[in-house]
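# Coordinates in review
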Amino acid sequence: VKPIAKTKSCEAPHFQYHLSGVLMVKMDDGSEVECRPGDVTLLPPGHDAWVVGDKPAVIVDFQGMVDWAKAH
C-alpha cells in the first residue's frame with residue numbers, strides 16, 4: 001500500500017471474515033494479531049498486513065476495500 005497511497009500504513013478500516021491462509025496484522029501501535037480461517041476481524045485505520053506461509057490468504061472484506069490504498 002505504501003507506494004500507492006503514500007502513507008505509512010493502511011488507513012482504511014476493514015471488517016473481514018477469513019476463509020483460508022494466515023494473515024499477520026501489525027497495528028501502528030506495534031500490537032500484532034494473527035488471523036486464521038474462521039476468524040472475524042475489525043481492523044481500524046493504521047495497520048499493515050502480510051501473508052504467513054505458502055497458502056494464499058483469502059478474505060471476505062465487508063468494509064474497507066472502497067478506501068483501500070487511498071490516503072486520508
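Structure first, text after, so check above.
Residues numbered from 1 in each chain as written. Predicted model: local features only at pLDDT ≥ 70, side-chain atom pairs only at ≥ 80, totals over all residues. Heavy atoms only, no water.

## Quick word on the pattern of salt bridges
Taken as a whole and assessed by the stated rule, the structure comprises one salt bridge. Between R36 and E34 there is a salt bridge; the shortest N-O distance is 2.8 Å. On the accessibility criterion, R36 (41% relative accessible area) is partly exposed. Assessed through its relative accessible area of 34%, E34 is described here as partly exposed. (Salt bridge = Lys/Arg side-chain N within 4 Å of Asp/Glu carboxyl O. Buried < 20%, exposed > 50% of the residue type's maximum accessible area, 1.4 Å probe, protein only.)

## What about the sheet that holds strand β2 (residues 22–27)?
Reading across the sheet, the three strands line up as β3-β2-β5 and stay open at both edges, with antiparallel pairing between neighbours. Either end of the sheet is taken by a strand with one partner, and the two such strands are β3 (32–35) and β5 (47–52). Strand-to-strand twist of the sheet, defined as the mean angle between neighbouring strand axes without regard to direction, takes the value 20°. Judged from the six bridges that link them, β2 and β5 form a sheet pairing that is antiparallel. (Pairing = 2+ DSSP bridges. Helix = DSSP H or I, 4+ residues; strand = E, 2+ residues; numbered from the N terminus. Axes fitted to C-alpha atoms, helices over the stretch in contact; angles between N-to-C directions.)

## So, the sheet that holds strand β1 (residues 14–20)
Reading across from one edge, β4-β1-β6 is the order of the three strands in this open sheet, with antiparallel pairing throughout. If you trace the sheet from one side to the other, it starts and ends with β4 (40–43) and β6 (58–63), each paired once. Neighbour-to-neighbour, the strand axes of the sheet open up by a mean angle of 25°, direction not taken into account. As defined by bridge partners, β1 adjoins β4 across four bridges and the pair is classed as antiparallel. Within the sheet, the bridge partner assigned to H14 lies in β4 and is L43.

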